[in-house]
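# Descriptive structure summary
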Amino acid sequence: MTELQSHIVFVDIDPEHEAAFNEWYDNIHLPQILDCPGWLDARREKCLEGGARHVAIYTITGPEVYETPEFNAIKGFGPFADKVRNFHRIRLTRS
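A brief report on the enclosed structure follows. Remember, predicted model here, so these are calculated numbers, not experimental data.

This paragraph deals with the nonpolar core. Where a protein is soluble and globular, its nonpolar side chains tend to be buried together. Core analysis: the biggest nonpolar cluster contains 21 residues, and F21, Y25, W39, Y58 and F77 have the highest contact counts within it. Those elements that place two or more of their residues in this core are β1 (5–13), α1 (15–34), β2 (39–46), β3 (54–60) and α2 (69–74). With five residues, α1 is the single largest residue contributor to this core. Not counting residues up to four positions away in its chain, the partners in contact with Y58 are Q5, S6, H7, V9, Y25, H29, L30, I33, W39, D41 and A42. By size, the runner-up hydrophobic cluster in this structure holds five residues, among which are I8, F10, V55 and I57.

With that settled, consider the side chain of N22. If you trace the backbone, N22 turns up in helix α1. Taking the relative accessible area as the measure of exposure, N22 reaches 19% and is therefore buried. Beyond its immediate sequence surroundings of up to four residues, N22 is in contact with R44, K46 and H54.

Evaluation of the coordinates by the stated rule reveals 10 aromatic pairs. Arranged with centres 6.2 Å apart and planes meeting at 35°, the rings of F21 and W24 form a pair that is tilted. Within this pair, F21 and its partner W24 are both found in helix α1, separated by three residues, close to a single helical turn. Among the aromatic residues, those joined into a cluster by ring pairs are F21, W24, Y25 and F80. Taking the ring centre of Y25 as reference, the NZ or CZ of R44 above it sits at 4.5 Å.

Each value, and the rule that gives it
- Residues numbered from 1 in each chain as written.
- Predicted model: local features only at pLDDT ≥ 70, side-chain atom pairs only at ≥ 80, totals over all residues.
- Heavy atoms only, no water.
- Core = buried A, V, L, I, M, F, W, Y, C linked by side-chain atoms within 4.5 Å.
- Buried < 20%, exposed > 50% of the residue type's maximum accessible area, 1.4 Å probe, protein only.
- Helix = DSSP H or I, 4+ residues; strand = E, 2+ residues; numbered from the N terminus.
- Contact = heavy atoms within 4.5 Å.
- Phe/Tyr/Trp six-rings, centres within 6.5 Å; stacked < 30°, edge-to-face > 60°.
- Lys NZ or Arg CZ within 6 Å of the ring centre and 35° of its normal.

Okay, structure coming up:
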């Protein structure tokens, strides 16, 4: 049995775009991601220190989730692609 993993995304966005970004992320992007095979759960948080402000934490089944046609059709930041900065992604597993 494959052990579940965490996929964590960090980004910043300029304050003038933050409200629209949050609306898009919560109401469009997260539901699209969770409709993709292997993407099991998602939540968003705000980073208080040490990294980009916006953090999305996903539970995934493994690296195969990045290769599905469904994910490839919706990955990225959509209408905010040119507005996000400090993008960083990590993947974790329990030891």
